[in-house]
Amino acid sequence: MSLSAQARIDAAGILGNAAHFAETFVLTQPDGFESAEPLLGITGDIGISFDADNQPVTGRRVTLSTALGAIGAAGYTGLPESVPGSAGKPWLAAWGGSTYKVKSAAPDRTLDVHTMILEFYEP
Amino acid sequence: MAILPATVLADLIDKRDSSEIIRDRVGEILAVETVNQVALATAAGKPSPNDWLFRVFLERSNPLEIFMDRTVETPVVNVTWEGGEYDKSRGNPIFEQALIGVVNVDTLAVGVSRDDPGGGHIPGDLQASRNCEFTARLVRNILMAALNVRLQLPRIVTDRWSRSVTAEQPESPDDAFQFAAIGFALEVVFTEQSPQVDGEPLEFVMVDIMRTSDGQLIAEADYDYT
């Protein structure tokens, strides 16, 4: 087995291991479809500080990473991505009592990992 | 040549400068008026009177922090003193100096993406801009109202003008929040006064001003001389 293939397997194993860092989340695609079983992924919610015109500004960075293959295998159509238009519903991810909208997405097809930057959402 | 030691002021400097008073007054005007506007909106039967509510802060370096725990969505107005230039053509070097200063009044609002029961959703960035524009509208109208032509400081402020307005989105692309900010630069012309010296009478001169029978004005002075 090549190292790249091993890396993809290792990534999926880390992202899908609920005994370690992964936790369950519910993914909702714009047409309302949700998989029968919640997905597994690694979430993050950290404080950030950045410079906006030489003024320190704080914020929060909420992220979610999951295996690319797991999304399609669960029956979803396409990959979660930003939906800027207001006419349609966005991709949503929910865990821990909070719901988030996919603000931006960065699929890594080399390692088979899909990382999403999320923003707060009121369902 | 011997250099005489410096002379010191006789009185303690224990008053605020006009720039501080003006910055604080801008904050007071906004803080009082938002409460008034909510009351007026309630009396007018508006469905959401608290849309006229905003929180006022002075000289905060990071007002967005108030939104971090997501318990507050009321827009924030941050009043800061930017600085100014002294106008040498107005005032004098002894008593009073005229200053053209700028008070920054920054409006910050958050927007959260929401489901639209009628279909689709309301994007958070659009909502943040709308919330911010609503409050910035209140700020501009309040400060530029005729009532506040001298910021209710007629003995200090001679003029105020809206110098500029700037809209921006003070957030990182990775931020879970959607923020919008509108900065309103208020130009204020006012005077600063400086400590005075009580003069020491050197000589008394008495002068009588009289008019003669033919209308001529004459002066008669009494003084001692050696």
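Just above, that's the structure.
Residues numbered from 1 in each chain as written. Chains lettered and ligands numbered in written order. Predicted model: local features only at pLDDT ≥ 70, side-chain atom pairs only at ≥ 80, totals over all residues. Heavy atoms only, no water.

Chemist: Just to check I follow, could you spell out the overall build of chain B for this structure?
Modeler: Within chain B one finds two helices and nine strands. Helices (α) and strands (β) of chain B occur, in sequence order from the N terminus, as α-β-β-β-β-β-α-β-β-β-β. In terms of its C-alpha atoms, chain B occupies a principal-axis envelope of roughly 100 × 55 × 25 Å. Each of the 226 residues in chain B was classed as buried or not, and the buried ones make up 38%. Excluding contacts between residues fewer than 6 apart, the proportion of contacts in chain B whose partners are at least 24 apart in sequence is 57%. Approximately 14200 Å² of chain B is accessible, and the part contributed by carbon and sulfur atoms is 54%. (Helix = DSSP H or I, 4+ residues; strand = E, 2+ residues; numbered from the N terminus. Buried < 20%, exposed > 50% of the residue type's maximum accessible area, 1.4 Å probe, protein only. Contact = heavy atoms within 4.5 Å. Areas by Shrake-Rupley, 256 points an atom, 1.4 Å probe, with all protein chains shown as cover.)

Chemist: Sorry, what's going on with empty space enclosed by the protein here?
Modeler: Rolled over the atoms, a probe sized like a water molecule indicates the empty space that remains. Counting across every chain of the model gives one cavity of 30 Å³ or more. Roughly 50 Å³ of internal volume is contained in the largest cavity. Contributing to the lining of the largest cavity are Phe120(A), Phe67(B), Arg70(B), Val72(B), Glu73(B), Val110(B), Val112(B) and Phe177(B). In the lining of the largest cavity, the residues fall into six nonpolar, no polar and two charged. (1 Å grid on protein atoms, 1.4 Å probe; cavity = no way out; pocket = protein on both sides within 12 Å on 5 of 7 lines; lining within 4 Å. Points joined across faces, edges and corners; volume = space filled by probe spheres on them. Nonpolar A, V, L, I, M, F, W, Y, C, P; charged D, E, K, R; others polar.)

Chemist: Honestly, the interface of chain A and chain B in this entry has me stumped. Any pointers?
Modeler: Where interface size is given, it is often the accessible area lost as the parts come together that is meant. Contacts between the two partners involve 29 residues from chain A and, on the opposite side, 28 residues from chain B. Connecting chain A to chain B are three salt bridges. For Lys89(A), the salt bridge goes to Asp115(B), with nearest N and O atoms at 2.3 Å. Our enumeration of links across chain A and chain B arrives at 20 residue pairs in polar contact (both at pLDDT 80 or more). Contributing elements (two or more residues each) for the side of chain A that touches chain B: strand S2 (39-52), strand S3 (55-67), strand S5 (98-108) and strand S6 (113-122) of chain A. (Salt bridge = Lys/Arg side-chain N within 4 Å of Asp/Glu carboxyl O. Polar contact = N/O pair within 3.5 Å; in protein donor to acceptor, adjacent residues only side chain to side chain.)

Chemist: Can you help me understand the packing of aromatic side chains in this one?
Modeler: Each aromatic ring pair is characterised by the separation of its centres together with the angle its planes make. Under the definition given, this model contains nine aromatic pairs over all chains. Judged by centre distance (5.1 Å) and plane angle (85°), the ring pair of Trp52(B) and Phe134(B) falls under edge-to-face. In this pair, Trp52(B) sits in the loop between helix H1 (18-43) and strand S1 (55-58) while Phe134(B) sits in helix H2 (residues 124-143), placing the two residues 82 residues apart along the sequence. Relative to Phe190(B), the ring of Trp81(B) has its centre 6.1 Å away and its plane inclined at 65°; by these criteria the two rings are edge-to-face. Within this pair, whereas Trp81(B) is found in strand S2 (residues 76-91), its partner Phe190(B) is found in strand S7 (residues 178-193), the two being separated by 109 residues in sequence. An aromatic cluster is present here, built from Trp95(A), Tyr100(A), Phe120(A), Phe67(B), Phe177(B) and Phe179(B) joined pairwise through their rings. (Phe/Tyr/Trp six-rings, centres within 6.5 Å; stacked < 30°, edge-to-face > 60°.)

Chemist: Honestly, the environment of Asp159(B) in this entry has me stumped. Any pointers?
Modeler: Residue and element names in this part refer to chain B. Note that aspartate 159 resides in strand S6 (residues 157-168). Spatially, the C-alpha atoms of aspartate 159 and glycine 84 are 14 Å apart, while their sequence positions differ by 75 residues. Filtering out sequence-adjacent residues up to four positions away, aspartate 159 remains in contact with Val149, Glu187, Val188 and Val189.

Chemist: Is there a simple way to explain the pattern of salt bridges in this structure?
Modeler: Any two side chains of opposite charge can pair, given that their charged atoms come close. For the structure on display, the rule yields twelve salt bridges over all chains. The shortest N-O distance in the salt bridge between Asp45(A) and Arg60(A) comes to 2.6 Å. Of this pair, Asp45(A) sits in strand S2 while Arg60(A) is found in strand S3, placing the two residues 15 residues apart along the sequence. On the accessibility criterion, Asp45(A) (38% relative accessible area) is partly exposed. Close ionic contact of Arg70(B) with Glu122(A) constitutes a salt bridge, the shortest N to O distance being 3.1 Å. Taken together, the residues Arg70(B) in the loop between S1 and S2 and Glu122(A) in strand S6 connect one chain to another. Look at Arg70(B) and you get partly exposed, because its relative accessible area is 28%. For Glu122(A), a relative accessible area of 30% translates into the label partly exposed.

Chemist: How should H2(B) be read in this particular structure?
Modeler: Side chains that are three or four residues apart share a direction in an α-helix, a result of its 3.6 residues per turn. Between its first and last C-alpha atoms H2(B) spans 28 Å; for 20 residues at 1.5 Å apiece the expected length is 28 Å, and the two agree. Here H2(B) has its buried residues at Gly124(B), Gln127(B), Ala128(B), Cys132(B), Phe134(B), Thr135(B), Ala136(B), Leu138(B), Val139(B), Ile142(B) and Leu143(B). (Expected span 1.5 Å × (residues − 1).)

Chemist: Help me out: how do you make sense of the side chain of Arg23(B) in this one?
Modeler: Residues and elements named next belong to chain B. Position of arginine 23 among the secondary structure elements: in helix H1. For arginine 23, the side chain forms a polar contact with the side chain of aspartate 24, separated by 2.7 Å. Arginine 23 has contacts with Leu58, Glu59, Val79, Thr80 and Trp81, leaving out every residue within four places of it along the chain.

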